[in-house]
Amino acid sequence: MKNNSVRRLSMAAMMGAVAFVLMYFSFSIPVLSPFAELELAALPELIGGFILGPVGAIEIICVKLLLKIVFKGSVSMMTGELQNLILSLSYVLPAVIFYRRHRTKKGAILGLVIGAVCSIVMAVLTNMYLILPFYIKLYGMDWDAIVGMCAAANPWIKDIPTMIAFSIIPFNVVSRTIHSLLVILLYKKLSAPLKKFIQ
């Protein structure tokens, strides 16, 4: 039993380290967001969470963020890391909890959809009430300047509601769709050796 617990913790740490490394491989989608970058750190969080459960998923996310803070620091006085924590939890936990109760491919897909919807809602809230207000205060900007930067990349953006509709929501839909498709494609291939590791 003790050996099994050590292996589960080891796997959570390993998946967290993989998630941290994947944070380095990010790219932007300028037409959707001049600020955000898409990275694939949620892959090990989801795959590890499906195997280890909700507690394991939280451990993976925490390891990722701790490594990020130690090796890269924070350029946003921890607000970016707080948003990352909120969005990761809101995406991964609903997906993992639903899948643990419905252990089928359909259950995994529905869980990923539920998680995606939850995280998109949280992305709107955290951007509007945490991240963008922080940068407005830090750089002495205002909301018109933020909207203007988005409008320069996407002419459909005219004000805050259109920024939400044509920038924040589409970016997160694209991000979660890519993550979900990759999890569906990779989970079965990776789950067998990972499950064997913790047995």
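Scroll up to find the structure.
Here we summarise the structure given alongside this text. Keep in mind it's a predicted model, so treat the numbers as computed, not measured.

### Comments concerning helix α6 (residues 143-153)
For step 1, the next point in the chain: Of the residues making up α6, those classed as buried are Ile146, Val147 and Cys150. The buried side chains of α6 occupy one side of the element, clustering within an arc of 95 degrees when seen end-on. Seen from the open side of α6, the exposed residues pointing more than 90 degrees away from its buried face are Asp144 and Ala152.
For step 2, the next point in the chain: The inward-facing, buried residues of α6 abut α5 (105-138) and α7 (160-198).
For step 3, the next point in the chain: Between the side-chain oxygen at the start of α6 and the backbone nitrogen of Asp144 there is a gap of 3.2 Å, and the oxygen is on Asp142.

### Details of the packing of aromatic side chains
For step 1, the next point in the chain: Per the counting criterion, the structure on display carries seven aromatic pairs.
For step 2, the next point in the chain: The interplanar angle of 80 degrees and the centroid separation of 5.3 Å between the aromatic rings of Phe20 and Tyr24 together place this pair among those described as edge-to-face.
For step 3, the next point in the chain: Residue Phe20 is classed as buried on the basis of its relative accessible area, which comes to 10%.
For step 4, the next point in the chain: Where Phe50 meets Tyr99, the ring centres are 4.5 Å apart and the plane angle is 35 degrees; that geometry is what we call tilted. Taken together, the residues span a long stretch of sequence, with Phe50 in helix α2 (residues 42-52) and Tyr99 in helix α4 (residues 79-101) at a distance of 49 residues.
For step 5, the next point in the chain: Look at Phe50 and you get buried, because its relative accessible area is 2%.

### Regarding the packing of α5 against α7
For step 1, the next point in the chain: One way to put it is that α5 packs onto α7 with a least axis distance of 9 Å and a crossing angle of 145 degrees. In this structure, α5 meets α7 at a crossing whose hand is right-handed. Judged by residue contacts, Lys105, Ile109, Leu112, Ala116, Ser119, Ile120, Ala123, Val124, Asn127, Met128 and Leu132 of α5 engage Ile160, Met163, Ile164, Ile168, Ile169, Asn172, Val173, Arg176, Ser180, Val183 and Ile184 from α7.
For step 2, the next point in the chain: Here the residues of the contact of α5 with α7 sort into 16 nonpolar, four polar and two charged.

### Points about the pattern of salt bridges
For step 1, the next point in the chain: Enumeration over the complete set of coordinates arrives at two salt bridges.
For step 2, the next point in the chain: Of the charged contacts, one joins Lys64 and Glu45 as a salt bridge, the two residues approaching to 2.7 Å between their closest N and O atoms. You can see Lys64 sitting in helix α3 (residues 54-72) and its partner Glu45 sitting in helix α2, a full 19 residues away along the chain. One exposure class covers both Lys64 and Glu45, and it is buried.
For step 3, the next point in the chain: Note that Lys68 is salt-bridged to Glu81, the shortest N-O span being 2.4 Å. Highlighted residues: Lys68 in helix α3 and Glu81 in helix α4, separated in sequence by 13 residues. No difference in accessibility class separates Lys68 from Glu81, as the two residues are buried.

### Overview of the side chain of Ser88
For step 1, the next point in the chain: Structurally, the position occupied by Ser88 is in helix α4.
For step 2, the next point in the chain: Judged by relative accessible area, Ser88 falls into the buried class, the value being 7%.
For step 3, the next point in the chain: Setting aside residues up to four positions removed in sequence, Ser88 forms contacts with Glu45, Ile61, Lys64 and Leu93.

### Concerning the nonpolar core
For step 1, the next point in the chain: Of all hydrophobic cores here, the largest spans 27 residues; its most connected members are Leu46, Phe50, Ile51 and Val183.
For step 2, the next point in the chain: When contributions to this core are tallied by element, the ones reaching two or more residues are α1 (2-22), α2, α3, α4, α5 and α7.
For step 3, the next point in the chain: When residues in this core are grouped by element, the largest group, seven residues, is from α2.
For step 4, the next point in the chain: In this structure Val183 touches Leu43, Leu46, Ile47, Phe50 and Leu112, once residues within four positions along its chain are discounted.

Here is what the cut-offs are and how they apply
All residue numbers here refer to positions counted from 1 along the written sequence of the relevant chain. Restriction of local features to residues with pLDDT of at least 70 applies here, the model being predicted, together with a cutoff of 80 or more for giving and counting side-chain atom pairs; totals for whole chains, interfaces and linings are based on all residues. In computing side-chain properties, one takes all heavy atoms of the structure into account and sets aside hydrogens as well as water. The classification of residues rests on relative accessible area computed with a 1.4 Å probe and restricted to protein chains. Under 20% of the type maximum is buried, over 50% is exposed, and intermediate values are partly exposed. Strands here mean DSSP runs of E at least two residues long; helices mean DSSP runs of H or I at least four residues long; both are numbered from the N terminus. This arc describes the spread of directions from the helix axis toward the C-beta atoms. The contact definition used throughout considers only heavy atoms, calling two residues in contact when any of these lie within 4.5 Å. Polar contacts, as used here, are pairs of N or O atoms within 3.5 Å; protein pairs need one atom able to donate a hydrogen and one able to accept it. Residues neighboring in sequence count only if both atoms are side-chain atoms. Only Phe, Tyr and Trp rings take part, Trp by its six-membered ring, and two of them pair if their centres are within 6.5 Å. Stacked means planes under 30 degrees apart, edge-to-face means over 60, and tilted covers everything else. Geometry is summarised by axes, namely lines fitted to C-alpha atoms with helices restricted to the contacting stretch, and by angles between N-to-C directions that run from 0 to 180 degrees. Rotating anticlockwise by less than a right angle from the far helix to the near helix defines a left-handed crossing, while the corresponding clockwise rotation defines a right-handed one. Each residue is assigned to one class: nonpolar for Ala, Val, Leu, Ile, Met, Phe, Trp, Tyr, Cys and Pro, charged for Asp, Glu, Lys and Arg, and polar for all the others, Gly among them. Salt bridge criterion: a side-chain nitrogen from Lys or Arg within 4 Å of a carboxyl oxygen from Asp or Glu. Put simply, a nonpolar core is a bunch of buried Ala, Val, Leu, Ile, Met, Phe, Trp, Tyr and Cys residues held in one set by side-chain atoms that sit within 4.5 Å of each other.

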